[in-house]
Amino acid sequence: MSGWQLVAVAVVMLLGLVGVLVPGVPGQAIVWAAVAWWALTDTSPLAWGVLIGATALLLLNQAVQAMLPARRHRETGAPRKTLLLGGLAAIAGFFVVPVVGGVLGYVGAVYGAERMRLGSHGAGRASLRSVMRATGYAVLTELLCCLLAVGAWLGALIHG
C-alpha cells in the first residue's frame with residue numbers, strides 16, 4: 001500500500017472516530033471499513049489478524065451497547081460542545097497515554113468544561129455524573145473500542 005493510501009486510511013479512521021461523537025453518524029462502521037480497506041490491500045497475515053481482531057472487538061461493542069443506557073444528551077443539561085470537547089480530549093488522550101488516556105481525557109474535559117460553565121467544583125462534578133449516566137458510558141465504550149482498533153492498526157504499521 002502506498003503512502004498516500006495509508007494517509008487516506010488514517011483520515012477515514014479519524015473521521016470515524018469523530019463520527020462516534022456525532023449522533024447519527026456510524027463512526028464504528030467507518031473505522032471498521034478503513035481497517036478492512038487496509039487489510040484487503042495489504043494481504044499480510046498481520047493485516048488479516050488486525051482485521052479479525054477489530055471485527056471481533058467492534059461486534060463485542062455492539063453487544064455491550066445493547067446493555068448500556070441509550071444516549072440521551074439532552075437530559076444532562078450539558079451543551080453539545082461539552083460532549084464534543086470530551087470526545088476530542090479522549091482521542092488525544094488515548095494517543096498520549098495509551099488506552100487509559102482516552103478515559104481520563106473524556107472525563108477530565110467534560111468536568112473541566114462543566115466547571116468553567118457552571119462556576120464551581122460541586123456543580124461541575126454533579127454535571128459530570130449526569131453526563132456519564134446519560135451518555136458517557138455508551139460514548140466512552142464505543143470510542144474506546146474504535147480507538148483500540150485504530151491503535152492495533154497503528155501498531156501493525158509500526159511493526160510491519
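Residues numbered from 1 in each chain as written. Predicted model: local features only at pLDDT ≥ 70, side-chain atom pairs only at ≥ 80, totals over all residues. Heavy atoms only, no water.

S.K.: How should I be thinking about the side chain of Ser-127 in this particular structure?
M.R.: In this fold, Ser-127 is placed in helix H6 (residues 121-159). Apart from the residues lying within four places of it in its own chain, the contact partners of Ser-127 are Ala-78, Glu-114, Arg-117 and Leu-118. (Helix = DSSP H or I, 4+ residues; strand = E, 2+ residues; numbered from the N terminus. Contact = heavy atoms within 4.5 Å.)

S.K.: Got a minute to help me understand the nonpolar core in this structure?
M.R.: Soluble globular proteins: nonpolar side chains tend toward being buried together. Met-13, Leu-17, Trp-38, Tyr-106 and Leu-143 are the most contacted members of the largest nonpolar core, which has 36 residues in total. Looking at this core, the elements with two or more residues in it are helix H1 (3-21), helix H2 (27-41), helix H3 (45-67), helix H4 (80-96), helix H5 (100-118) and H6. Sort the elements by how many residues they give to this core and H6 lands first, with 13 residues. Once residues lying within four places of it in the same chain are set aside, the contact partners of Tyr-106 are Leu-83, Gly-86, Gly-87, Ala-89, Ala-90, Val-131, Met-132, Thr-135, Gly-136, Val-139 and Leu-140. (Core = buried A, V, L, I, M, F, W, Y, C linked by side-chain atoms within 4.5 Å. Buried < 20%, exposed > 50% of the residue type's maximum accessible area, 1.4 Å probe, protein only.)

S.K.: Sorry, what's going on with a nonpolar patch on the surface here?
M.R.: A contiguous nonpolar surface patch, about 510 Å² in accessible area, is contributed by Val-96, Val-97, Val-99, Val-100, Leu-104 and Leu-148. Tracing the sequence through the fold places Val-99 in the loop between H4 and H5. (Patch = residues over 30% accessible without salt bridge, like charges linked within 9 Å, V, L, I, M, F, W, Y side chains within 5 Å. Areas by Shrake-Rupley, 256 points an atom, 1.4 Å probe, with all protein chains shown as cover. Salt bridge = Lys/Arg side-chain N within 4 Å of Asp/Glu carboxyl O.)

S.K.: Help me out: how do you make sense of the packing of aromatic side chains in this one?
M.R.: The relative placement of two aromatic rings is captured by the distance of their centres and the angle of their planes. By the definition in use, this model includes one aromatic pair. With a centroid separation of 5.3 Å and 90 degrees between ring planes, the pair formed by Phe-94 and Phe-95 is classed as edge-to-face. With relative accessibility at 41%, the residue Phe-95 sits in the partly exposed group. (Phe/Tyr/Trp six-rings, centres within 6.5 Å; stacked < 30°, edge-to-face > 60°.)

S.K.: Whenever I open this one, the side chain of Gln-65 confuses me. Can you help?
M.R.: Tracing the chain through its elements places Gln-65 in helix H3. With sequence-adjacent residues up to four places away left out, Gln-65 is seen in contact with Ala-138, Thr-141 and Glu-142.

S.K.: Even after reading the chapter, I still don't get H1, so can you show me in this structure?
M.R.: Side chains that are three or four residues apart share a direction in an α-helix, a result of its 3.6 residues per turn. In a regular helix each residue adds 1.5 Å, so 19 residues correspond to 27 Å; H1 covers 28 Å between its end C-alpha atoms and thus fits that length. Turning to H1, its buried residues number three or more, namely Val-9, Met-13, Gly-16, Leu-17, Gly-19, Val-20 and Leu-21. Where the residues of H1 are buried, they touch H2, H4 and H6. (Expected span 1.5 Å × (residues − 1).)

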